[in-house]
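Listed below, chain by chain, are the residues.
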Amino acid sequence: MSEQKTTKSMVELNIDGGVAEVVLNAPHKLNSLDEQALADLYKAYDDAEAAGVRALLLRGEGRAFCAGRDISAVVPADDDAYAYLGDLVTPLLKKMAAFPAPTFAAAQGASLGVGLGLLVATDVVYVAENAKIGSPFANLGATLDSGGHWLFTERLGAHRTLDLIYTADLMSGAEAVRSGLFSRAFPADDLLETTRETVARVASGATEAFRASKELVAQIRDARLGLWDSIEDENKAQGVLCGTEDYAEGFAAFKEKRKPEFKG
């Protein structure tokens, strides 16, 4: 490329003529974002805007687009999820959404949590057929954030949204593109058994986090909240959940690579 600007940390900005390419370049950790990376991503969009580019492409190196927040150094007892989301993530998403030229994202592999939020804030998203998109938060005792409730409810409907949140199942990129309003279909003979198995699995999960998600979806559905109002409600809910025992257990289980044992 004829001109290249590189920000610190995992974010690179390359400019060629009127096109900016923002690259998440930490494939060893699936491009998960720490606080420095969020700040650098914000600066990359600032620099691209200052350069007067006419279009922008956001992509990730390696086998994932972005696996979300880098929680490797997060201590749940000291975590202020509301401040992290409100002071760092939400301003970044607003910056991205307000970029004064068309923006595109090319997403492969995982697009989760904040990574999904990056796609919410992008004009046009192209995904790989085998991409993985959804909400892994049921395994962390937390709730979907970064605009995920708004995106899922707006595009998938309340039923499919809560199915994805409760079960932590992921959609493929192909399914995400052709998705409808409701959930999954099963053979008639298997329907009752499969539903019961899912209900049992959800019943062993982080009940308070699920309740928070249900309330958030209800607010969107009934009051027709816009994206930024929905994100603020997500931030508040996450701020409450980060003080719960299930939140601490979910983070501990993730780091110890074991199944969490939630108390609800």
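Residues numbered from 1 in each chain as written. Predicted model: local features only at pLDDT ≥ 70, side-chain atom pairs only at ≥ 80, totals over all residues. Heavy atoms only, no water.

A. A look at the sheet that holds strand E9 (residues 170-172). A sheet is described by the order of its strands in space; here 3 strands give the open sequence E6-E8-E9, paired in mixed fashion. Two strands lie at the open edges of the sheet, namely strand E6 (110-112) and E9, each paired on one side alone. Within the sheet, the average angular offset between the axes of one strand and its neighbour, ignoring direction, is 30°. Examined bridge by bridge, strand E8 (residues 132-134) and E9 share 3 bridges and lie antiparallel to one another. Across the sheet, the residue bridging to isoleucine 133 is methionine 171, located in E9. (Pairing = 2+ DSSP bridges. Helix = DSSP H or I, 4+ residues; strand = E, 2+ residues; numbered from the N terminus. Axes fitted to C-alpha atoms, helices over the stretch in contact; angles between N-to-C directions.)

B. Layout of the layout of surface pockets. Of the voids in this model, the largest pocket is the one considered here, and its volume is about 620 Å³. Forming the boundary of the largest pocket are 30 residues, of which Ala67, Arg69, Ile71, Leu140 and Phe254 lie nearest the centre. The dominant element in the lining of the largest pocket, judged by the number of residues it contributes, is helix H10 (residues 245-256), at 5 residues. In this structure, the second largest pocket is lined by 19 residues; those nearest its centre are Val125, Ile133, Leu151, Arg155 and Ala176. Of all elements in the fold, only helix H3 (114-120), strand E7 (124-127), helix H4 (148-156) and helix H6 (173-178) reach the threshold of two or more residues within the lining of the second largest pocket. The element contributing the most residues to the lining of the second largest pocket is H4, with 5 residues. (1 Å grid on protein atoms, 1.4 Å probe; cavity = no way out; pocket = protein on both sides within 12 Å on 5 of 7 lines; lining within 4 Å. Points joined across faces, edges and corners; volume = space filled by probe spheres on them.)

C. Local environment of a negative patch on the surface. Residues Asp189, Asp190, Glu193 and Glu197 make up a contiguous surface patch of negative charge. Looking at the element boundaries, glutamate 197 is found in helix H7 (residues 188-203). (Patch = residues over 30% accessible without salt bridge, like charges linked within 9 Å, V, L, I, M, F, W, Y side chains within 5 Å. Areas by Shrake-Rupley, 256 points an atom, 1.4 Å probe, with all protein chains shown as cover. Salt bridge = Lys/Arg side-chain N within 4 Å of Asp/Glu carboxyl O. Lys, Arg positive; Asp, Glu negative; His and termini not counted. Charge placed at Lys NZ, Arg CZ, Asp CG, Glu CD.)

D. Structural context of the packing of helix H1 (residues 35-50) against helix H2 (residues 81-97). In the contact formed by H1 and H2, the axes pass within 10 Å of each other and the chain directions differ by 25°. With respect to each other, H1 and H2 are oriented roughly parallel. Where H1 crosses over H2, the two elements pack in a sense that is left-handed. Mapping the contact onto sequence places Glu35, Leu38, Leu41, Tyr42, Tyr45, Asp46 and Glu49 in H1 and Tyr84, Leu88, Val89, Pro91, Leu92, Lys95 and Met96 in H2. Considering only residue class, the contact of H1 with H2 consists of 10 nonpolar, no polar and 4 charged. (Parallel < 35°, antiparallel > 145°, perpendicular 65-115°, else oblique. Left-handed = near helix turned anticlockwise from the far one by under 90°. Contact = heavy atoms within 4.5 Å. Nonpolar A, V, L, I, M, F, W, Y, C, P; charged D, E, K, R; others polar.)

Limitation: the analysis is restricted to geometry and does not speak to function.
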